[in-house]
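# Residue-level structure breakdown
Okay, here's what each chain looks like letter by letter:
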Amino acid sequence: MLAVPVALVAQDPAPNSSGRHEIVPVVAAHQHLMSPAGVALVPPEPPLATIQLPPDLDQLLRRREKVSGAPPSGDLFTEDAIMQELQEGRWQQGREKIDSFLGFIARDLHYVPSMYSVDGNTGWIAGTVRQGTATDETLNFVLGLKKRDGKWQIATEIFTVIPPRPYGKPVLADQLVEELDDAGIRWGVVLSTAYWYGAPRHAFSNVDAEAKVRADNDWTVAQVSRHPDRLVAFCGVPALADYAAAEIARCARLPHVKGVKTHFANARVDLKNPEHVAKLKRFFQAANANRLAVVAHVRTTGEWTPELARIVLEQVLPAAPDVPVQIAHMGSAGGEPDAATTVFADAIATKDPRTKNLYFDITQSVLTDGTQSQEQLARMADMFRRVGLERIYFGTDMTGPGGNPPPREHWKAVRRLPLTDAELRVIAANVPPYMR
């Protein structure tokens, strides 16, 4: 069993560090793995059907293929045509600039049409692009067309990248530990995604769902058991499931399990529905009775307002007064603290007893792409201070081909927050009470 030394809890993770870059978290308190069964839950999108274009449009598309990497394009494009560069998103306008750009595009591209429309002298074609003999599509394309003197020309061309499957393969504990090592993080909290099986959007949600939840939780525990000195587990349990209390009690008897994770939006929780609120209270009561901490994604689908946050504070949290409750993603609609987060912050400021064991993780709050403004980052830092830096835990969710970077990159983004080094060290040193 993982045991965090008491002395470590209050210790600066880098007591002798003189540089901000040397401050690293002790714990990543919101991480996910992905089981083979979980991968099967998110099948790839079926490709668009290939269609046969009318001869004049098909001829246009074949001409377009020939000029990739081999301009000039002649009158294939209108004189004032525009084409968007894929890498930088800049527009090339006019035949001369388009021809120059085409010289840098790969040859042997094949435009595969999936849909088109023609209305008089205007039209469009959309589809995907393949290269060489490959059968995988990597790009989408849209061509805007104009007809002049009875002949079609390309007036606009736009590419978009077809993203990889977000969960194309299992994510195992070995990979997570390597990522923690790379970031210099000592421990990770693995939150099972078994609650996915309670999502109404899955057609099988009411078919053997309980057995699937148990199996996925058991898989997560088995993975964590490969690294018991580095990882702890949380079972995933659907928020509204009739079997939730039984699964929570079962999980309490499993090795390395410190809590349960649930997801209000995934379960389509309606906090204005008294029946849903009653089920949530039973869920939290079961966790409290079994001495398991709760990590809760409390924001719901659609609107997420201060009124709904107050229902969580006033009706749901009191059902688990004796165990830590960690609100994921700062309890906000988009990760960045908002008016709903303020409800919890205000309650903490007034020493509301319902917040005695309340904590937050900043998973996906600070984006790694650098798109958040300095004003946004400043508001976030201010909210962290209002909540209390000692209540804030670092986390990153799950690394995957869909674009979620590993912990090292997430922590780099957190270091951009306008916090002092001393404040950043407080967050980095935080160890959740369920790990002590």
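For the structure itself, look to the data block above.
Anyway, here's the lowdown on the structure attached to this text.

Reading guide: rules and limits
- Residues numbered from 1 in each chain as written.
- Predicted model: local features only at pLDDT ≥ 70, side-chain atom pairs only at ≥ 80, totals over all residues.
- Heavy atoms only, no water.
- Axes fitted to C-alpha atoms, helices over the stretch in contact; angles between N-to-C directions.
- Helix = DSSP H or I, 4+ residues; strand = E, 2+ residues; numbered from the N terminus.
- Parallel < 35°, antiparallel > 145°, perpendicular 65-115°, else oblique.
- Left-handed = near helix turned anticlockwise from the far one by under 90°.
- Contact = heavy atoms within 4.5 Å.
- Buried < 20%, exposed > 50% of the residue type's maximum accessible area, 1.4 Å probe, protein only.
- Pairing = 2+ DSSP bridges.

Here the focus is the packing of helix H6 (residues 209-224) against helix H7 (residues 244-251). When two helices pack together, their arrangement is given by the angle between their axes and by how far apart the axes lie. Following both chains from N to C, one finds H6 and H7 inclined at 25 degrees, their axes separated by 11 Å at the closest point. The orientation of H6 relative to H7 falls into the category roughly parallel. Once H6 is placed against H7, the crossing between them reads as right-handed. Here Val-213, Arg-214, Asn-217 and Asp-218 of H6 come into contact with H7, specifically with Glu-247, Arg-250 and Cys-251.

On to the environment of Ala-287. By secondary structure assignment, the location of Ala-287 is in helix H8 (residues 274-289). Using a relative accessible area of 0% as the deciding quantity, one classes Ala-287 as buried. Separated by 87 residues in the primary sequence, Ala-287 and Gln-374 have C-alpha atoms spaced 39 Å apart. Apart from the residues within four sequence positions on either side, Ala-287 is in contact with Ile-248, Val-260, Leu-292, Val-294 and Val-323.

Pairing within the open sheet is mixed, and its six strands lie in the order E3-E2-E7-E6-E5-E4. Two strands close off the open sheet at either side, each with one partner strand: strand E3 (91-93) and strand E4 (109-119). Averaged over all pairs of adjacent strands, the angle between their axes in this sheet comes to 15 degrees, without regard to strand direction. In the sheet, strand E2 (residues 77-84) pairs with E3 via three bridges, with the strands oriented antiparallel. Paired with Met-83 across the two strands is Gln-92, which belongs to E3. Running at roughly 45 degrees to E2, helix H4 (residues 95-102) makes contact with E2, E3 and strand E7 (151-161) of the sheet.

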